[in-house]
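Reading the structure
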Amino acid sequence: MCTSIVYSSNNHHYFGRNLDLEISFGEHPVITPRNYEFQYRKLPNKKAKYAMVGMAIVEDNYPLYFDASNEEGLGIAGLNFDGPCHYFPENAEKNNVTPFELIPYLLSQCTTVAEVKDALKDVSLVNINFSEKLPLSPLHWLMADKTGESIVVESTLSGLHVYDNPVHVLTNNPEFPGQLRNLANYSNIAPAQPKNTLVPGVDLNLYSRGLGTHFLPGGMDSASRFVKIAFVRAHSPQGNNELSSVTNYFHILHSVEQPKGTDEVGPNSYEYTIYSDGTNLETGTFYYTNYENNQINAIELNKENLNGDELTDYKLIEKQTINYQN
Ligand SMILES: C[C@H](CCC(=O)NCCS(=O)(=O)O)[C@H]1CC[C@H]2[C@@H]3[C@H](O)C[C@@H]4C[C@H](O)CC[C@]4(C)[C@H]3C[C@H](O)[C@]12C
């Protein structure tokens, strides 16, 4: 499972995700500069107009981004969408973009969600594998910009759907309208203690703090995480500087992280939160933590020469640092 969010704080917007899986692909932070030439399968090759930073694996010098944001403050994350997801054969009337090209295609030419919506009108997601070793994966995407607006993009049998996202979070199945509908079942969850409407007039002993969240789902499944992250995000305070905003951002994502051993996907195999990342869409600073190392690491997009044509890879820092005090 995975979870992606946009968090707005102190006039800044932070966008990123938890990657939950049982194996790592060896993903790490990668910067694509403006003059890197993307080779498309069904479209003419094109230089990236805007530089981008995110988590990727690099295969044949191609950045296969899991999630990324560009220098203009547009961010996109791909999350598993196995079942409803459907990609199409080549369509002569459309711009045929493969799912693994979608993040580079949009981030290299768009600056806002409004521009993405426009670009997607002409796009069909074509079913072409990256390679035999890396076949297509069924994904849907959360996309956000620095106005704080976000959309969800899903390709199903009935076509390519673009949904405005009023709750600014995404997990996995079911389709986005179903996830939104399900929130109604939890609409009375609150940070405050509940009022007794069960047996009016009876003095119920509110034996614990936090009873307003007693029925907040806590499961690892996608529907539970959608409700929980929507709640936590909606009630999260804003920070008053970069440090407190980033700290809050990671607390929100970590509220639905999966510890090892809690989500069995096969014999002796467990999905867990491999990494959590987030980019400040105003400044282009990319932050991440990972399972082994929960210190926050950062890479500043604007510190690099963004006019180059070569990818820059960063080693994932996986060593936990304990700050001994005596
Ligand atoms: C599986 C990952 C999403 C995590 C997630 O949602 N897990 C939930 C699983 S489930 O609902 O519980 O079944 C997705 C996110 C990004 C994906 C990767 C990126 O799209 C980049 C390439 C794209 C290639 O086509 C396939 C390999 C790949 C390297 C993808 C493998 C895999 O599908 C990734 C890693």
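Residues numbered from 1 in each chain as written. Predicted model: local features only at pLDDT ≥ 70, side-chain atom pairs only at ≥ 80, totals over all residues. Heavy atoms only, no water.

In this section: the pattern of salt bridges. One pass over the structure, following the stated rule, counts eight salt bridges. Taking the shortest distance from any N to any O, the salt bridge between R34 and E71 comes out at 2.7 Å. Of this pair, R34 sits in the loop between β3 (28-32) and β4 (37-38) while E71 sits in the loop between β7 (62-70) and β8 (75-80), and the two are 37 residues apart along the sequence. In this structure R34 comes out as partly exposed when scored by relative accessible area, which is 24%. Put simply, K117 and D164 hold a salt bridge, and the shortest N to O gap is 2.8 Å. Here K117, found in helix α2 (residues 113-120), pairs with D164, found in strand β13 (residues 159-164); they are 47 residues apart in sequence, far enough to count as distant. Through salt bridges that share partners, K117, E149 and D164 make up one connected network. (Salt bridge = Lys/Arg side-chain N within 4 Å of Asp/Glu carboxyl O. Helix = DSSP H or I, 4+ residues; strand = E, 2+ residues; numbered from the N terminus. Buried < 20%, exposed > 50% of the residue type's maximum accessible area, 1.4 Å probe, protein only.)

This part takes up unusual backbone geometry. When glycine is set aside, most residues are seen to have a negative phi, and most peptide bonds are trans. Here the residue pair N173 and P174 is connected by a cis peptide bond, since its omega of 0 degrees sits within 30 degrees of zero. Position of P174 among the secondary structure elements: in the loop between β14 (169-170) and α3 (176-182). Phi at N11 takes a positive value of approximately 65 degrees, unusual for a residue other than glycine. Residue placement: N11 occurs in the loop between β1 (2-9) and β2 (12-21). Located in the positive-phi region is H168, a residue other than glycine, with phi close to 60 degrees. Within the element layout of this structure, H168 appears in the loop between β13 and β14.

To continue, consider the pairing of strand β17 (residues 272-280). When you tally the buried positions in β17, you get nine out of nine residues, the bulk of the element. Alignment of β2 against β17, held across eight bridges, turns out to be antiparallel. Bridge pairing in β17 links R17 to D277. Alignment of β17 against strand β18 (residues 285-290), held across six bridges, turns out to be antiparallel. Each bridged residue has a counterpart across the sheet, and for Y275 the counterpart in β18 is N290. Counted along the chain from β17 to the antiparallel partner β18, the turn is four residues long, and its residue G284 has a positive phi close to 80 degrees. (Pairing = 2+ DSSP bridges.)

Turning our eyes to something else, we now look at the UniProt feature "domain: Choloylglycine hydrolase/NAAA C-terminal" (unreviewed entry) in the protein chain. In this structure's numbering, the residues bearing the UniProt feature "domain: Choloylglycine hydrolase/NAAA C-terminal" (unreviewed entry) are residues 2-312. Secondary structure over residues 2-312 splits into 15% helix and 33% strand, and the C-alpha atoms at its two ends are 26 Å apart. (UniProt positions renumbered as here; feature names shortened; annotations may be inferred.)

Here we take up the sheet that holds strand β6 (residues 52-59). Within the open sheet, the eight strands sit side by side as β13-β12-β11-β8-β7-β6-β3-β20. Their pairing is antiparallel. Since the sheet does not close on itself, it has two edges, and those belong to β13 and β20 (312-313), each with one partner. When strand β12 (residues 150-156) meets β13, the two strands line up antiparallel, connected through six bridges. Its bridge partner lying in β13, S155 is registered against L160.

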